[in-house]
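# Report on the structure
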Amino acid sequence: MQPLLVFLGLSTFVVYSTWAAFQGKNYSSGPYLSPFYSPLLFGDVKIGPHGWFGPKPGWYPGWLPWSAAFWILWGPGGFRLTCYYYRGAYYKAFWADPPACGVGEPRKSYWGESKLPLIVQNIHRYFLYLALLFLVFLAYDVWEALWFDDGGKRHFGIGLGTIVLAANVALLTCYTLGCHSFRHLVGGVRDRLSKNRVSYQVYRCSSCLNRRHMMWAWFSLFSVGFADLYVRMCAMGIWHDWHWRIF
């Protein structure tokens, strides 16, 4: 039952995120930007905000599908794909390899992740650095989501979209900082961790999050998908965002 539920959960997210990435539109609404498109490197001003490097580049092949999400999703996607928890989850759910710890392997020997193609999974520690950088971008998006346009003037306020984006950043932070690689980064290279009080406290906090790594993994997976859905529904006019002006 557990591998089946994991299979359904991950499959639903993969199908939705792939569909959302190929849309290439409805990724922004007011001050809100979908996390699937952040940072927005190339943006079409006709359907969204300016991109960092302008609109779609002229050298991009016309026969290839275009979406601004293609330029950035490989970063957080690679981090999740190589995550230690998700490895065990999709090994069991998609490959039945093995479906449970007490079930035998369908082969005579176990190669582990020491040979191609699974040895590529070890790149996870490097995707961690990108994931930490993406948290900065998403946190900045929350700041931008506090400023609303009112007749050409910006005012400060809080909207439902602001709360959705902020909750997403909080859950992604708990998931990322509880990562095994992050624990090694802050404390694994020291012989006596207790000698450095700052590293020791950061390591303890990371370890606390790591104990619920599976929970944060699922909650953050749901939150990032829902954040894109919320912005998309608002951009399409299906949902109407409520916000409160502060000043």
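Bear in mind the structure is a predicted one, so any value in this text is a computation, not a measurement. Residue numbers here run from 1 along each chain, matching the order of that chain's written sequence. Only residues with pLDDT of at least 70 are given local features in this predicted model, and only at 80 or more are side-chain atom pairs given and counted; all residues enter the totals for whole chains, interfaces and linings. Side-chain metrics rest on all non-hydrogen atoms present in the structure, leaving aside hydrogens and water.

What follows concerns the pairing of strand 4 (residues 153–159). One ladder, built from four bridges, connects strand 3 (residues 147–150) with strand 4; its direction is antiparallel. Each bridged residue has a counterpart across the sheet, and for Asp150 the counterpart in strand 4 is Lys153. Two strands make a pair as long as DSSP finds a minimum of two bridges between them. Under the scheme used here, helices are H or I runs from DSSP no shorter than 4 residues and strands are E runs no shorter than 2 residues, and both carry numbers assigned from the N terminus. As consecutive antiparallel partners, strand 3 and strand 4 are separated by two residues, and within that stretch Gly151 has a phi angle of approximately 65 degrees, a positive value. Two strands pair when backbone bridges link them, and strand 4 and strand 5 (residues 243–245) are joined in this way by three bridges, in the antiparallel orientation. Each residue of the ladder has a partner; that of Ile158, found in strand 5, is Trp244.

Take the confidence of the model for the chain next. On a range of 0 to 100, pLDDT expresses the predictor's confidence in each residue. For the chain, per-residue confidence averages 90 on the pLDDT scale, and residues scoring 70 or more make up 94% of the total. When pLDDT is averaged over each element of the chain, helix 5 (residues 160–177) comes out on top at 98 and strand 3 at the bottom at 88.

Next up on the list: the nonpolar core. Judged by nonpolar contacts, the single largest core of 33 residues is most densely connected at Leu10, Tyr37, Phe79, Tyr86 and Tyr175. Ranked by the residues each element gives to this core, the list is headed by helix 3 (residues 84–94), at six residues. Leaving out residues up to four positions away in the same chain, Tyr37 has contacts with Ala20, Ala21, Gln23, Gly24, Lys25, Tyr27, Ser67, Ala68, Ala69, Ile72, Asp228 and Arg232. Buried Ala, Val, Leu, Ile, Met, Phe, Trp, Tyr and Cys residues form a nonpolar core when they are joined through side-chain atoms within 4.5 Å. Relative accessibility under 20% of the residue-type maximum defines a buried residue, over 50% an exposed one, and the middle range a partly exposed one, all with a 1.4 Å probe and only protein chains included. Counting 14 residues, the second largest nonpolar core, distinct from the first, contains Val142, Ala145, Val169 and Ala227. Whether two residues touch is decided by their heavy atoms; if any such pair falls within 4.5 Å, the residues are in contact.

Further remarks concern helix 7 (residues 197–210). Spanning 14 residues, helix 7 covers 20 Å between terminal C-alpha atoms, matching the ideal 20 Å at 1.5 Å per step. Along helix 7, the positions that sit buried rather than exposed are Ser199, Ser206, Ser207, Leu209 and Asn210. The arc enclosing the buried residues of helix 7, seen along the axis, measures out at 155 degrees, which places them on a common side. Away from its buried face, by an angle of more than 90 degrees, helix 7 presents the exposed residues Arg197 and Cys205. The inward-facing, buried residues of helix 7 abut helix 5, helix 6 (180–188) and helix 8 (213–235). For a helix, the expected span equals 1.5 Å multiplied by the number of residues minus one. The directions from the helix axis to the C-beta atoms are what the arc is built from.

A separate point is the sheet that holds strand 3. Taken in spatial order, the three strands of this open sheet run 3-4-5, and their pairing is antiparallel. Here the strands that pair on one side only, and so sit at the sheet edges, are strand 3 and strand 5. Averaged over all neighbouring strand pairs, the angle between strand axes comes to 50 degrees, with direction disregarded. Together, strand 3, strand 4 and strand 5 form the strand contacts of helix 5, whose direction differs from that of strand 4 by roughly 65 degrees. Axis geometry follows a simple rule: fit a line to the C-alpha atoms, using only the stretch in contact for helices, then measure angles between N-to-C directions, giving values from 0 to 180 degrees.

Now for unusual backbone geometry. Following Ser38, the chain continues to Pro39 via a peptide bond in cis, the omega torsion being 0 degrees. Topologically, Pro39 is positioned in the loop between strand 2 (32–33) and helix 2 (74–81).

The end-to-end C-alpha distance of helix 8, which contains 23 residues, comes to 33 Å, matching closely the 33 Å that a straight helix rising 1.5 Å per residue would cover. Following helix 8 by one or two positions, Gly237 adopts a phi angle in the positive range, close to 80 degrees.

Next up on the list: the side chain of Thr176. Among the structural elements, Thr176 can be located in helix 5. A polar atom in the side chain of Thr176 sits 2.8 Å from the backbone oxygen of Leu172. Under the rule applied, a polar contact is a pair of N or O atoms within 3.5 Å (in protein, one hydrogen donor and one hydrogen acceptor; residues adjacent in sequence only if both atoms are side-chain atoms).

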